[in-house]
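One-letter residues, chain by chain:
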Amino acid sequence: MRIISGIQPTGEPHLGNYLGAIKRWTELQHEQECLIFLADLHAITVYNEPGALARTIREAAATLIACGIDPNKTVLFDQARVPAHAEMAWLLNCTARIGWLNRMTQFKEKSGKNRENASVGLYSYPVLQAADILLYQATHVPVGEDQKQHLELTRDIATKFNTDFGVEVFTVPEPLIGKAGARIMSLRDGTAKMSKSDPSDMSRINLTDDSDTIAQKVKKAKTDPEPLPDTMDGLKGRPEAANLVTIFAVLANRTPDEVLGEFAGQGFGAFKPRLADLVVETLRPIRARFETLRAGPAEIDRILMDGAVKARALSAPTLAAAYKAVGLPR
């Protein structure tokens, strides 16, 4: 099994990123061959100040390592250092169909009402995402519910390319669906996913937040006046309450029903301080390791370059086979 996944190096990684993806990557790297990349080519589908982007790429790498990604076990690299991603994306743009991209719901969400002014890159980035996966003959891709549509597109593109040219260039990847409860929602709106792009910093817990900031964010997280029930069935229609219970359960490595069994009948005045302590203790070593890594940018650059060298070697045969299949010199 070969697994690949990536994260955009924009904004500060938050608790939702950690519990929804990064923590799982740290576990998978001990069981399977893993490639993790910083999706800096995806980042420029919207404007980013160039100097800031260079800095956030390093900081994102430092965050992943601080969370437990081991460059000796995982191929960790940034996308832009591997030109094969952009080359393969063009070949796949010529295989993908406009009708397929028109059905991508995330473009509609990200472009909003100003769709005509969105970049072509924002529209076609699912094809680049397909290139990211197919370049490495990945067999499985960890995905949440919101990314299943993009993986289906990747599978469609791989199948069409192989069929059109009568070759077996691409492995058709399978989804590796996350554990239940890994989808972490906003602290201000339990129906919206925790996001870097939310204008309110109070909606998320950043991995670099200090202990006092974490405690304040948990204290002010939106809830309701009702006491906690004894099972998750009792939290139907209470998304903010369900989200906080889910966060507690994932951090404590317990089931939500086990957590509710402890707090049943109590209000959030008792629950929130315990949750804040749990978040603080989980993130304390991550934050300390991040600060140490951030102080040595040359070492981060070395790690990313080493990873890129490995990624180039792994991607080269597939890119060459794709060029040959379409009849282009290489």
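Residues numbered from 1 in each chain as written. Predicted model: local features only at pLDDT ≥ 70, side-chain atom pairs only at ≥ 80, totals over all residues. Heavy atoms only, no water.

A. How the structure looks around the overall build of the protein. Looking only at helices and strands, the protein has 13 helices and five strands in total. The C-alpha atoms of the protein give 21 Å as radius of gyration, which agrees with the globular expectation for 330 residues (20 Å, within 12%). A principal-axis box enclosing the C-alpha atoms of the protein has dimensions of 70 × 45 × 40 Å. In the protein, buried positions account for 47% of the 330 residues. Counting only contacts in the protein whose residues sit at least 6 apart along the sequence, the fraction spanning at least 24 positions is 74%. Accessible area for the protein stands at about 15300 Å²; split by element, carbon and sulfur atoms hold 54% of it. Both charge centroids of the protein, one from 40 positive and one from 40 negative side chains, sit 2 Å from each other. (Helix = DSSP H or I, 4+ residues; strand = E, 2+ residues; numbered from the N terminus. Rg over C-alpha atoms; globule rule 2.2 N^0.38 Å. Buried < 20%, exposed > 50% of the residue type's maximum accessible area, 1.4 Å probe, protein only. Contact = heavy atoms within 4.5 Å. Areas by Shrake-Rupley, 256 points an atom, 1.4 Å probe, with all protein chains shown as cover. Lys, Arg positive; Asp, Glu negative; His and termini not counted. Charge placed at Lys NZ, Arg CZ, Asp CG, Glu CD.)

B. A look at the pairing of strand S2 (residues 33-38). Most of S2 is tucked away, with five of its six residues classed as buried. Where strand S1 (residues 2-7) and S2 come together, six bridges link them in parallel fashion. Residue pairing for S2: Arg2 is matched across the bridge by Glu33. The β-α-β motif built from S1, the intervening helix H1 (residues 15-28) and the parallel element S2 has right-handed crossover chirality. Of the pairings in the sheet, the one linking S2 to strand S3 (residues 74-78) comprises five bridges and is parallel in character. Following the sheet pairing, Phe37 is matched in S3 by Phe77. (Pairing = 2+ DSSP bridges. Right-handed = clockwise from strand over helix to strand, strands pointing away.)

C. Region of the structure containing unusual backbone geometry. Positive phi values are uncommon outside glycine, yet Gln137 reaches one of about 55 degrees. You can see Gln137 is positioned in the loop between helix H7 (120-134) and strand S4 (140-143). Positive phi, close to 55 degrees, is recorded for Asn253, a residue that is not glycine. Topologically, Asn253 is positioned in the loop between helix H10 (239-252) and helix H11 (256-263). Owing to a relative accessible area of 72%, Asn253 belongs among the exposed residues under this scheme.

D. Structural view of the domain arrangement of the protein. Here the protein is described as being made up of domain 1 (2-176 + 296-326) and domain 2 (201-292). Contact residues are listed per partner, giving 13 residues for domain 1 and 14 residues for domain 2. At the boundary of domain 1 with domain 2, total buried surface from both sides reaches about 1200 Å², with 73% on carbon and sulfur atoms. Taken together, the connections running from domain 1 to domain 2 amount to zero salt bridges. Our count for the contact surface shared by domain 1 and domain 2 stands at three residue pairs in polar contact (both at pLDDT 80 or more). Secondary-structure elements contributing two or more residues to the side of domain 1 that touches domain 2 are H1 and helix H3 (50-67). Of all the elements, H3 adds the most residues to the side of domain 1 that touches domain 2, at six residues. When grouped by side-chain class, the residues that make up the side of domain 1 that touches domain 2 number eight nonpolar, three polar and two charged. (Domains from an automatic or database assignment. Buried area = accessible area lost by both parts, 1.4 Å probe. Salt bridge = Lys/Arg side-chain N within 4 Å of Asp/Glu carboxyl O. Polar contact = N/O pair within 3.5 Å; in protein donor to acceptor, adjacent residues only side chain to side chain. Nonpolar A, V, L, I, M, F, W, Y, C, P; charged D, E, K, R; others polar.)

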